[in-house]
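Each chain is listed here by its residues.
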Amino acid sequence: MPHIANVDQSQAWNGYEGEHWARNQDRWDAVNEGFNEPLLDASAVRPGERVLDIGCGAGSTTRLAARQAGPNGRALGVDLSGPMLARAEETARQEGAAGAGFERGDAQIHPFPAGAFDVAISRFGVMFFADPVAAFANIRRALRPGGRLAFICAAEPERNDWLRAVAELRGILPVGDFGAPGGQQASRGPGMFSLADPDATRGVLSDAGFAGIEVRSVEACGLWGRDAGDAAAFLLDSGPGRHLTEQVGGDIRELAHRTLTNTLNAYEHVSDGGAGRGGGVRMKSVGFLVTAHNPEVAHPLAKPSPTV
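Quick summary incoming for the structure in this document. (Residues numbered from 1 in each chain as written. Predicted model: local features only at pLDDT ≥ 70, side-chain atom pairs only at ≥ 80, totals over all residues. Heavy atoms only, no water.)

1. What to know about the overall build of the protein chain
Reasoning step 1: Tallying secondary structure elements over the protein chain gives 12 helices and 8 strands in all.
Reasoning step 2: Counting all 308 residues of the protein chain, 53% fall into the buried class.
Reasoning step 3: For the protein chain, the proportion of contacts with a sequence separation of at least 24, taken over those separated by at least 6, is 80%.
Reasoning step 4: Counting only carbon and sulfur atoms, one obtains 51% of the accessible surface of the protein chain, whose full area is about 13400 Å². (Helix = DSSP H or I, 4+ residues; strand = E, 2+ residues; numbered from the N terminus. Buried < 20%, exposed > 50% of the residue type's maximum accessible area, 1.4 Å probe, protein only. Contact = heavy atoms within 4.5 Å. Areas by Shrake-Rupley, 256 points an atom, 1.4 Å probe, with all protein chains shown as cover.)

2. Brief notes about the pairing of strand β4 (residues 117–123)
Reasoning step 1: The buried fraction of β4 is high, at 7 of 7 residues.
Reasoning step 2: Strand direction decides the pairing type here: strand β1 (residues 50–54) and β4, joined by 3 bridges, are parallel. Counterpart to V51 in the pairing with β4 is V119.
Reasoning step 3: Handedness of the β4-helix α7 (residues 132–142)-strand β5 (residues 143–154) crossover: right-handed. (Pairing = 2+ DSSP bridges. Right-handed = clockwise from strand over helix to strand, strands pointing away.)

3. What to know about the packing of aromatic side chains
The way to describe two aromatic rings as a pair is by their centre distance and the angle between their planes.
Reasoning step 1: Using the criterion set out here, one finds 9 aromatic pairs in the structure.
Reasoning step 2: Here W21 and W28 contribute two aromatic rings whose centre-to-centre distance is 4.1 Å and whose plane-to-plane angle is 0 degrees, an arrangement assigned as stacked.
Reasoning step 3: Given the relative accessible area of 9%, W28 is considered buried.
Reasoning step 4: Within the aromatic cluster, the residues linked to one another by ring pairs are W21, W28, W162, W224 and F234.
Reasoning step 5: When the ring centre of F234 is taken as origin, the NZ or CZ atom of R27, which lies over that ring, is 4.2 Å away. (Phe/Tyr/Trp six-rings, centres within 6.5 Å; stacked < 30°, edge-to-face > 60°. Lys NZ or Arg CZ within 6 Å of the ring centre and 35° of its normal.)

4. Quick look at the side chain of S285
Reasoning step 1: Along the chain, S285 falls in strand β8 (residues 280–293).
Reasoning step 2: If we skip the residues at most four places from it in the chain, S285 touches F35, N160, W162, V218, E219, A220 and W224.

5. Regarding the pattern of salt bridges
Reasoning step 1: Tallying each qualifying case throughout the model produces 12 salt bridges.
Reasoning step 2: As a salt-bridge pair, R63 and E95 come within 3.0 Å of each other at their nearest N and O atoms. Taken as a pair, R63 in helix α5 (residues 60–69) and E95 in helix α6 (residues 82–95) lie far apart in primary sequence, 32 residues in all.
Reasoning step 3: Residue R63 is classed as buried on the basis of its relative accessible area of 7%.
Reasoning step 4: Take E95: its relative accessible area is 45%, and that puts it in the partly exposed class. (Salt bridge = Lys/Arg side-chain N within 4 Å of Asp/Glu carboxyl O.)

6. Looking at the pairing of strand β3 (residues 100–104)
Reasoning step 1: Examined bridge by bridge, strand β2 (residues 74–79) and β3 share 5 bridges and lie parallel to one another. Bridge pairing links D79 to R104 in β3.

7. Quick look at unusual backbone geometry
Peptide bonds are trans in most cases, and residues, glycine excluded, mostly fall at negative phi.
Reasoning step 1: Residue A44 is not a glycine yet carries a positive backbone phi of 50 degrees.
Reasoning step 2: Structurally, the position occupied by A44 is in the loop between α4 (36–43) and β1.

8. Section: the packing of helix α2 (residues 16–23) against helix α3 (residues 25–32)
Reasoning step 1: Two numbers describe how α2 lies on α3: the axes approach to 5 Å, and their chain directions differ by 85 degrees. What the angle tells us is that α2 and α3 run roughly perpendicular. Two secondary-structure elements touch here, α2 through H20, W21, A22 and R23 and α3 through Q25, W28 and N32.
Reasoning step 2: For the contact of α2 with α3, the residue count by class is 3 nonpolar, 3 polar and 1 charged. (Axes fitted to C-alpha atoms, helices over the stretch in contact; angles between N-to-C directions. Parallel < 35°, antiparallel > 145°, perpendicular 65-115°, else oblique. Nonpolar A, V, L, I, M, F, W, Y, C, P; charged D, E, K, R; others polar.)

What follows is the structure, encoded as structure tokens:
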């Protein structure tokens, strides 16, 4: 990959974080799959269209978009993470998803062919840009005139069950303001909540040259584990959880697991054995569904691509 602007993110997603997501693709898809339907409905991918999936990770949404585009269409997933893209390519081969392709790159500066795509999508993959205006301007230029953008990003942390559960560990682990209302992660700088302010997000997309910008709240109930102990271990083994537990000793880690397990007991569900919701730990996640389009006439003030 010749050019990377988001160096810190590249290091994270090619290190433990990316390896964890690649190993646990099925589990992360179970957490986030409730957002697939609103994302794909909003993107309105039609047969024969060309789809760009930004921050595609292990490729679930890329494969879904390729299926919707049909045999005459194509979906290209782009991500910084080598481990996740390897998993994406493997799964696509196993499923026979011939219309899905994958490419390693930094969407902020990647040299996409101008006007090559009809629609760009993302499920939680666009919150990590060092320069979001430049990134979205680059994505817009990859869309044909009139091309569409639809993505899901994280909403305010305090509206998400799993974040509130992790925040209960404050006093045991060095959680800081993670998951707290108005915490530092809720807006500034690249990170999970960098687009959690709808007005700021509208401003970013407008500055990047998009028009017709709409933001609405969406929520989904994801499966986090077979029981509270399993879900607690999964959360604490994820990138953010591991960052916290690495700063304390073994006894404190065990205490954190017990405490989080007790908190997650409230989210355990018993399978009804039939057509209803299955068992396991299910928690609500809240995001924003953002849609926009590339104007037919070029935006005169859109930020130019950086020279690389």
